[in-house]
Structures are given as C-alpha cells and as structure tokens.
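Below, each chain spelled out in residue letters.
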Amino acid sequence: MATEDKNRATAAAILPLVGGASNVSSIAHCMTRLRLGLHDRSLVDDEALKAVPAVMGVVEDDTYQIVLGPGTVARVTPEFEQLVEEGRAAAPEPASAPASPSPSPSPSASADELAAEGAAIKAARKAKNATPFKLFLRRIANIFVPLIPALIGCGIIAGLNGLLVNLGWLTSVTPALAAMASGFMALIAVFVGFNTAKEFGGTPILGGAVAAIIVFPGVANIEAFGQKLSPGQGGVLGALGAAVLAVYVEKWCRRWVPEALDVLVTPTLTVLVSGLVTIFGLMYVAGEVSTAIGTFADWLLSNGGAGAGFVLGGLFLPLVMLGLHQALIPIHTTLIEQQGYTVLLPILAMAGAGQVGAAAAVYFRLPRNESIRRTIKSALPAGLLGVGEPLIYGVSLPLGRPFITACVGGAFGGGFVGLFNQLGDKVGSTAIGPSGWALFPLLDGNHGLGTTIAIYAGGLLVGYFAGFLATYFFGFGKDLLTEFNVSQEPAASAVPATGSPAAPTAGPGTPAKEPAGV
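> Even after reading the chapter, I still don't get a nonpolar patch on the surface, so can you show me in this structure?
The grouping of Leu 160, Leu 163, Leu 167, Trp 169, Leu 170, Val 173, Leu 449 and Ile 453 at the surface amounts to a nonpolar patch, some 690 Å² of accessible area in total. Elements with a minimum of two residues in the nonpolar patch: helix H6 (148-167) and helix H19 (449-474). Looking at which element gives the most residues to the nonpolar patch, the answer is H6, with 3 residues. Its place among the elements puts Leu 167 in helix H6.

Structure representation (structure tokens):
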C-alpha cells in the first residue's frame with residue numbers, strides 16, 4: 001500500500017471512532033499525538049481506537065490525544081483534516097453514535113484490568129490537572145509546541161554544519177547551512193509573540209509586531225536602566241511578556257475605542273503602549289531573568305552534577321503526570337537561544353530509558369501472561385524512540401510499583417549524564433521534543449560530537465539496566481506475581497503489531513482496582 005493510502009486509511013479508521021466529522025471541534029498535532037477537540041466525549045470508542053494498527057495509545061487531557069508516533073502523526077493529520085472537511089460538507093447534521101466496529105479478539109483478563117486501571121488513572125490525573133496554574137502552564141506549552149518542528153530541523157542542520165566545519169569539508173556550503181540553522185533562532189521571539197497573542201485571545205500579528213521590537217537591531221541605540229540595550233535581549237521570555245501585554249492593551253482598546261476609530265486607534269495604541277513598556281522595562285527585566293536561568297543551569301550541573309541529574313531524571317515522569325513539565329518548555333527554549341543547546345533535556349530523557357528497562361523486566365517477570373507481554377512487545381519500539389505513553393499507561397503505571405522502579409532507572413541515567421556535566425563534558429540538545437534514540441541527531445556539547453554521543457548513549461544504557469534491575473528485583477510483590485503471572489488462553493488472532501492491543505472494559509466479575517503493588 002502506498003504511503004499516502006496508508007495514512008489516509010489510518011485517518012479514515014480513526015474518524016468514525018471519535019464520533020465522526022461533526023463531533024470534531026479542533027484538530028492539531030504535536031511531535032507524537034493527534035490532538036482533537038471533541039463536542040461529545042461519549043461518542044468516542046476508546047477500545048476500538050486502541051485496536052487500530054497505527055495507534056500506539058490514547059491520552060485524555062484538555063484535548064483527546066491519539067498517540068501515533070513521530071513522523072506518522074505529521075502525515076496522518078492532514079489526511080484527517082481533509083476527511084473532516086469532506087464529512088462536514090457531506091453531512092453537516094450532528095453525528096449519531098458511531099457504528100460498533102467488528103469484534104476484535106478480547107485479550108486476557110490481566111490486560112483488561114491494566115487497561116481499566118490505566119484509564120481510571122488518566123481520568124483522575126486530568127481532574128487534578130485542571131487547576132488554574134496548570135491550565136496556565138498548558139497555555140504556555142501551546143505557545144511553544146508549534147515551534148518544535150522548526151527547532152528540530154534547524155537543530156539538525158546546525159549539528160551537520162558544525163560537523164562539516166570541524167572536518168573542514170564543503171567550506172563553500174557551510175555559511176549557507178549556518179544561515180539556515182540560525183535564521184529561525186534569530187527571529188524566534190517574533191514567532192513566540194505571534195503564538196502568544198493567538199493563545200491569549202488577541203490579534204496574532206500585533207503580538208508578533210511587538211515581539212519583533214526585541215530583535216530589531218536599532219534597539220542597540222536605546223538606553224534603559226542606565227545600560228544600552230542589545231538586540232535579542234530578553235529573548236523568548238521578553239517576547240512572551242510583551243505579547244501578553246499587547247493582548248490586554250488590545251482588549252482594553254476594543255472595549256473603549258469607538259467602532260469608527262477602532263481600525264486606526266486600536267492597533268496603533270497596542271503597538272505603542274506595549275512597545276514602550278517592552279523597550280524601557282520588559283527587555284531589561286526579561287534579559288536579567290534569562291541570564292539567571294542560564295547561569296543557574298550551568299551552576300546546578302557544574303556543582304550538583306550527579307545529584308542534580310539523579311533528581312531531575314527521577315522526578316521527570318511524576319512531573320509529567322502532574323502536568324508541571326510544561327513549565328520547562330520556556331526554560332529549554334531560553335537555554336537553546338542563549339547557549340545553542342539545552343543541557344536539561346538529555347538528562348530528562350533518561351526517564352524514558354528507565355521506562356524501557358522497567359517494561360523489559362515486567363516482560364521477563366511475567367512469562368505466563370501472554371497479553372501483557374504482547375502489549376510490551378508492541379510498545380517497546382516506540383519507547384526506545386522516546387514515545388513512552390503506551391508503556392506508561394499500558395504497563396507500568398497500572399501495575400503501580402514498576403512505575404516507581406522505572407523512575408529509579410531514570411534517576412540513575414540522569415545521574416550518569418549529570419556526573420559528566422560536573423566533570424566538564426556538557427551534553428545538550430539543540431531542540432526540544434524528541435528523546436530516546438530520536439535525540440541522537442540533535443546532540444551537541446562543549447567537546448567533540450563523539451564524546452557527547454558516547455555520554456548520552458551511556459546514560460541510556462544505565463537507565464535501561466537500572467530500570468530493569470530495580471523492577472526485576474523490587475517491582476513485584478508476591479501478591480502481584482500471583483495475580484498477573486498466570487497462563488492465559490491465546491487470542492483467536494494476532495493483536496496488531498504496531499499498536500497497543502485492544503483492551504475492552506472488564507466484564508462482570510473483573511472489577512477495576514487501585515494500581516497494584518503500591
């Protein structure tokens with residue numbers, strides 16, 4: 001089957017299972033997930049979605065998120081958008097409940113219970129994460145997530161250019177590569193301002209216009225707080241603050257300026273007021289904050305080293321579960337803008353390595369449970385590439401204790417990378433988004449690329465082994481082994497190899513329980 005046909009077939013399989021075109025209110029995607037806004041959540045058939053071959057899992061947050069994996073999601077999303085448009089044009093009336101898909105083979109009771117527990121945990125997490133502070137962090141994340149593809153592309157080009165410069169190859173081409181790699185970063189403040197105004201309900205182009213002041217070379221002739229300003233001073237944090245201010249000024253103008261004058265007065269006052277505040281206040285303040293972030297990150301890893309890496313690597317997954325990891329996105333972007341790479345991401349990526357090791361241990365500790373082992377085999381390749389949701393929600397989190405031992409594995413991997421930072425060998429990423437093996441093309445540091453890759457690979461191996469050993473020896477109590485290490489009847493047909501197995505709701509006599517082993 002041609003790639004285009006395959007992607008369209010995936011989109012066509014997903015659409016009726018989320019309630020049809022009329023049930024979809026918004027469509028977006030990030031690095032790995034198709035994110036859908038839905039009118040009626042009850043029309044979604046979760047279990048049938050999980051059985052779609054290309055689907056690695058589903059996550060319910062402020063949007064309904066279907067995990068498709070890197071690369072695949074960027075190709076399926078346009079096909080899905082086209083099908084939704086066609087569906088709305090053909091049948092604008094509200095969609096009825098989706099037709100029940102053809103019966104799929106029912107996994108064993110153990111997999112059913114894990115799926116039910118995973119769904120319950122996700123629902124509880126969603127409710128807990130709906131606090132004003134976490135919703136604010138989510139809005140901040142929405143500003144930066146659309147920038148990730150450009151960060152990745154420019155980051156890889158920057159790494160390639162650095163390699164060619166060090167080798168002395170293609171000297172006539174490297175200046176062009178440098179321009180490609182640096183052009184986006186030179187203007188990233190404009191894109192942040194545009195997205196910020198859009199997210200907070202203002203006119204996006206006005207947010208971009210105000211943020212553009214920060215990178216305009218002419219600001220070097222302006223003095224604020226007794227110091228000459230520098231183009232780019234304040235960076236993405238300054239752009240974020242400037243655009244938020246512009247939104248509030250614009251909304252005030254819309255409320256008080258007469259309609260006949262609105263088209264002239266509102267944009268003028270928005271740019272003028274927020275621009276003056278940006279030049280004579282925000283640029284200096286945000287510049288000091290940005291510098292402090294870079295200085296603190298360097299100090300933390302230079303002095304804390306292994307200890308700091310251990311804590312960061314071990315706590316990252318709980319931060320994700322609490323929704324607090326989104327606060328790190330502006331910090332990563334600020335470090336990339338200042339230093340060319342973020343030293344925090346390779347350490348945090350070790351959390352995924354711990355998950356992979358823990359899942360491998362579960363596989364060997366439950367040799368009789370075919371259903372859980374099948375889930376692990378299907379989700380493990382995605383986990384190695386940094387897509388951890390299928391392993392987290394399908395295996396470790398519902399089991400309870402293996403999630404904790406997976407965090408231990410991430411802590412040891414983070415400690416390994418942090419130790420080398422303390423010894424002077426910085427390991428950084430030129431972009432945010434990927435982790436696991438997918439992060440290798442984006443690695444950079446203060447020494448040779450070979451050294452940087454070796455340290456990161458060593459951290460992954462430490463995370464794998466530590467997560468495996470911690471889970472194998474401490475991840476299972478006797479009760480957990482008794483409950484889950486049991487023989488199961490083989491399924492009537494194979495579970496799709498590229499997605500998580502179907503996990504129907506546990507039937508009568510199979511009640512949902514609290515996470516096991518905690």
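Next, the rest of the story.
> Can you help me understand empty space enclosed by the protein in this one?
Think of a ball as big as a water molecule: rolled over the atoms, this probe shows where empty space is left. This structure, assessed with the given rule, holds 2 cavities of 30 Å³ or more. At the level of secondary structure, the elements contributing two or more residues to the lining of the second largest cavity comprise helix H15 (350-365) and H19. A total of 3 residues in the lining of the second largest cavity trace back to one element, the largest contributor, which is H15.

> Explain the sheet that holds strand E1 (residues 24-29) here, please?
What holds strands together in a sheet is hydrogen bonding between their backbones, with the strands either parallel or antiparallel. A sheet is described by the order of its strands in space; here 4 strands give the open sequence E1-E2-E4-E3, paired in antiparallel fashion. At either margin of the open sheet sits one strand with a lone partner, and together these are E1 and strand E3 (57-60). Across the sheet, the mean angle from the axis of one strand to that of its neighbour is 20°, orientation sign disregarded. As defined by bridge partners, strand E2 (residues 33-38) adjoins strand E4 (residues 64-67) across 4 bridges and the pair is classed as antiparallel. Residue pairing in the sheet places Arg 35 in a bridge with Gln 65 of E4. Across the sheet, helix H3 (residues 72-90) touches E1 and E2, and the angle it forms with E1 is around 160°.

Definitions and cut-offs
Residues numbered from 1 in each chain as written. Predicted model: local features only at pLDDT ≥ 70, side-chain atom pairs only at ≥ 80, totals over all residues. Heavy atoms only, no water. Patch = residues over 30% accessible without salt bridge, like charges linked within 9 Å, V, L, I, M, F, W, Y side chains within 5 Å. Areas by Shrake-Rupley, 256 points an atom, 1.4 Å probe, with all protein chains shown as cover. Salt bridge = Lys/Arg side-chain N within 4 Å of Asp/Glu carboxyl O. Helix = DSSP H or I, 4+ residues; strand = E, 2+ residues; numbered from the N terminus. 1 Å grid on protein atoms, 1.4 Å probe; cavity = no way out; pocket = protein on both sides within 12 Å on 5 of 7 lines; lining within 4 Å. Points joined across faces, edges and corners; volume = space filled by probe spheres on them. Pairing = 2+ DSSP bridges. Axes fitted to C-alpha atoms, helices over the stretch in contact; angles between N-to-C directions. Contact = heavy atoms within 4.5 Å.

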